[in-house]
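Understanding the architecture of this molecule
Given next are the chains, with one letter for each unit.
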Amino acid sequence: MTSQLQAQVKNESATDAKIAALIKELTLEEKIGLLHANGIFSTAGVDRLGIPGLMTDDGPLGVREDVKEGWGSANLTTDSATFFPNGSALAATWNPELAYRYGHDMGEEARARKKYIMLAPAFNIARTPLCGRTYEYYSEDPFLNSRLAVQSVKGIQSQHIAACVKHFAVNNQEVERNRVSVNVDERALREIYLPAFKASITEGNAWTIMSAYNKFRDVYCSENNYLLNKVLRGEWKFKGMVISDWGGTHSTVNAANNGLDLEMGSRPPYNTYYFADKLLDSVKAGKVSMQVIDDKVRHVLWVMYHTSLSDNPPPGKINTPEHRKTVYDIAAESIVLLKNDAHLLPLKTSSIKTIAVIGDNATRTFHLGGFGAGVKAKYEVTALAGLQDRLGKTVIIKYAQGYSGAFRPSRTNANPETKPDSAMTAQAVSMAKSADVAILFIGGNREYESEGRDRKDLSLPFSEQALVDAVTAVNQNTIIVVVGGAPYDIGKIKTNNSTIIWSWYNGSENGNALADVLIGKINPSGKLPFTFPAELKDSPAHALNAYPGENLKVDYKEGILVGYRWYDTKKIEPLYCFGYGLSYSDYKISDLQTVKKTFSSNENITVTLNVKNIGKYPGKETVQLYISKTGSKVERAEKELKAFKKIMISPGVTAKVSLTVPVKDLAYYDERTGKWIVEPGEYKVLAGTSSRDIRETVNLKVN
Ligand code: BGC
């Protein structure tokens, strides 16, 4: 054992002893007090024993603003923080190191704000592009999800702040999320929906997890014995605390006996909660044992000893230069160049006199909005401000709003007004006409993409297509920047426009990073973390009429064929494929080799290849390694992502890249035996720059 590990083990056993002693001291009433909310984000402590209350806080975008009872802003001046890029932006970086820095810096801010459990990261699989929380989540691929989740968790927890990975499990739509029951076959559950949760527990060592709102196989996730006791505690050996989603607890005895530790919610009176007086009564009536209560208290205290009561906690910090650099780096690496056919980008600034910046999204901020976690950002640089900062001294920048993105959703109106505003359009058109270049910002916003509801379709909101058509008609040098956290139908733009950039709800440094991509100070390197369907009906859940379910039941009929696994296997051409993203340079992949040709099931496959930057600009390319099983006995996706690496390469330089895939990662989940099985035989290793741009292939054999 290394000395560090020895110290940890010693600490863990000392902690266990302290916890056991406290459990002996606590009265039943005090124990119950530790197991339910006493405020929107808090629980009560036990003063006489020096046990503090818990403070949890959202969430993926940074440490949220403080709220008062009823969710209104607490109107404080001390609750601002750094706004971090949204989940799918982070995923588009394909850079686990940035996920670590995201977690680390957010953890530091949580500590400064005295919030000891961050309700993040969130990484439910993007099963349907319509899911309102796609922007909060990462991707459609379990491997990409896992690599990012593990590093986010490690980063947060490096600050002695618990990560709370969410939402466990199969919470893939917002429609009827509080009532719908998800039925998914065991193989898809294990291969697609659980891997990132498993990795964040077994590799990332996440200290807390949030049970999802929905039911899984007819049983609420917050009282799901299979998910919480069998899989999480039994198989993954989870030692931490299971927290309910807010208001997502539905029983006392079932939830208590089936694995929930802490009931959270935001509506007083808190003594009426399932885990308050009713739990006390149930223990007294012998329906919940003292052992079960003590286990829960142990989980709660264990988390406290790693967080609010930890030894030598790091100092908290808010919005340091390092944090600002992290959000800038994530934003810069997340932006995806979708099309650059006319080589308008990077902007030839020396020959440009006037730029027309058009669109509501050029001046809109994204840190707050909609229904869901927001951050009261210390600052947020809009796209227009970023461009003005970078170019304002040398270029005349004019701005026209073009459309209004103002939108107040309601239960009956999930889609915004679609009539173009003729005055705004006319102003935009006349400005575009007289400019050398028009940069048109469209897409969604934080009101339109939201927790609590899904989008009705993929169409661009706010009559944006009409504006794109009108502006493009008068200025061929139009650059379209789409801002969004989920796929949209940009098929017409792909056909008609030469230049398309995809950007996100990209944090405090949004405008600076975007401007630097446009002027070429940053070479774009983002890759799509999900497929953009050509039409909604092509995407698996919709093709099979398996969304949003009937009679409050949704059957994941596509099984393992989620995302690109579906499009590739069924030979359906997407609008933009998973892993897609261009650069101002081109890269040549060559010499793909495996160290040997035949592997046994306990070995690692080491793959080497060369990547040459054959363009003019230094840049980052992400090599994506997919594996395909030829002649499988069972249903298989055409290919599956098994490794990736992002590397910086200077022009003319060839980088040697080495990637490792454990043979055990080639396994499929066998429902009959409940085991992971590595099929012997031939496999293909595919290396590319997207899921559909495979440049080299080699075969190997597994014994
Ligand atoms: C969301 C969670 C969030 C919680 C507290 C719920 O509505 O589903 O993700 O952490 O609210 O804000």
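Residues numbered from 1 in each chain as written. Predicted model: local features only at pLDDT ≥ 70, side-chain atom pairs only at ≥ 80, totals over all residues. Heavy atoms only, no water.

Turning our attention to the pairing of strand β9 (residues 336–340). In terms of burial, β9 is a largely internal element, five of the five residues being buried. The pairing of β9 with strand β14 (residues 499–503) spans four bridges and is classified as antiparallel. The residue of β14 that forms the bridge with lysine 339 is isoleucine 500. (Buried < 20%, exposed > 50% of the residue type's maximum accessible area, 1.4 Å probe, protein only. Helix = DSSP H or I, 4+ residues; strand = E, 2+ residues; numbered from the N terminus. Pairing = 2+ DSSP bridges.)

Attention shifts here to the sheet that holds strand β21 (residues 654–662). Read across the open sheet, the three strands follow the order β16-β18-β21; overall the sheet is antiparallel. A single partner strand is all that each edge strand has here, and the edge strands are β16 (587–594) and β21. The sheet shows a mean angle of 25° between the axes of neighbouring strands, taken without regard to direction. Pairing of β16 with strand β18 (residues 604–613) involves six bridges; the strand directions are antiparallel. Looking across to β18, one finds that tyrosine 587 is bridged to asparagine 613. (Axes fitted to C-alpha atoms, helices over the stretch in contact; angles between N-to-C directions.)

Here the focus is empty space enclosed by the protein. Applying the stated rule across the entire model yields six cavities of 30 Å³ or more. Roughly 90 Å³ of internal volume is contained in the largest cavity. Lining the largest cavity we find 14 residues, and of these Ala126, Arg127, Pro129, Glu140 and Thr531 sit closest to its centre. Here the lining of the largest cavity is composed, by residue class, of seven nonpolar, five polar and two charged. A volume near 70 Å³ is recorded for the second largest cavity. What lines the second largest cavity is simply Ile627, Ser628, Lys629, Arg636, Ala637, Glu640, Lys642, Leu666 and Tyr683. Within the residue set of the lining of the second largest cavity, elements represented by two or more residues are β19 (619–629) and β20 (640–649). Broken down by element, the residue count for the lining of the second largest cavity peaks at three residues, all from β19. Partitioned by chemical class, the residues of the lining of the second largest cavity number four nonpolar, one polar and four charged. (1 Å grid on protein atoms, 1.4 Å probe; cavity = no way out; pocket = protein on both sides within 12 Å on 5 of 7 lines; lining within 4 Å. Points joined across faces, edges and corners; volume = space filled by probe spheres on them. Nonpolar A, V, L, I, M, F, W, Y, C, P; charged D, E, K, R; others polar.)

This part covers the site of the ligand. The ligand sits among 14 residues. The nearest are Asp58, Arg133, His167, Asp245 and Glu451. Tyrosine 213 places a polar side-chain atom, nitrogen or oxygen, 3.0 Å from an oxygen atom of the ligand. The separation between an oxygen atom of the ligand and a polar side-chain atom of aspartate 245 is 2.7 Å. Here the ligand loses 95% of its free accessible area of 310 Å² to cover by the protein chains. Of the residues contributing to the shell around the ligand, the split by class is six nonpolar, one polar and seven charged. (Near = heavy atom within 4 Å. Polar contact = N/O pair within 3.5 Å; in protein donor to acceptor, adjacent residues only side chain to side chain. Areas by Shrake-Rupley, 256 points an atom, 1.4 Å probe, with all protein chains shown as cover.)

Phe168, Tyr193, Leu347, Ile439 and Ile490 are the most contacted members of the largest nonpolar core, which has 191 residues in total. For this core, the element with the highest residue contribution is helix α11 (residues 290–306), accounting for eight residues. For isoleucine 439, the residues in contact, after removing those within four places along its chain, are Leu347, Ile355, Ala356, Val357, Ile358, Leu387, Ile479, Val481 and Leu518. Core analysis: the next-biggest nonpolar cluster, separate from the first, contains 26 residues, Phe599, Leu609, Ile627 and Val685 among them. (Core = buried A, V, L, I, M, F, W, Y, C linked by side-chain atoms within 4.5 Å. Contact = heavy atoms within 4.5 Å.)

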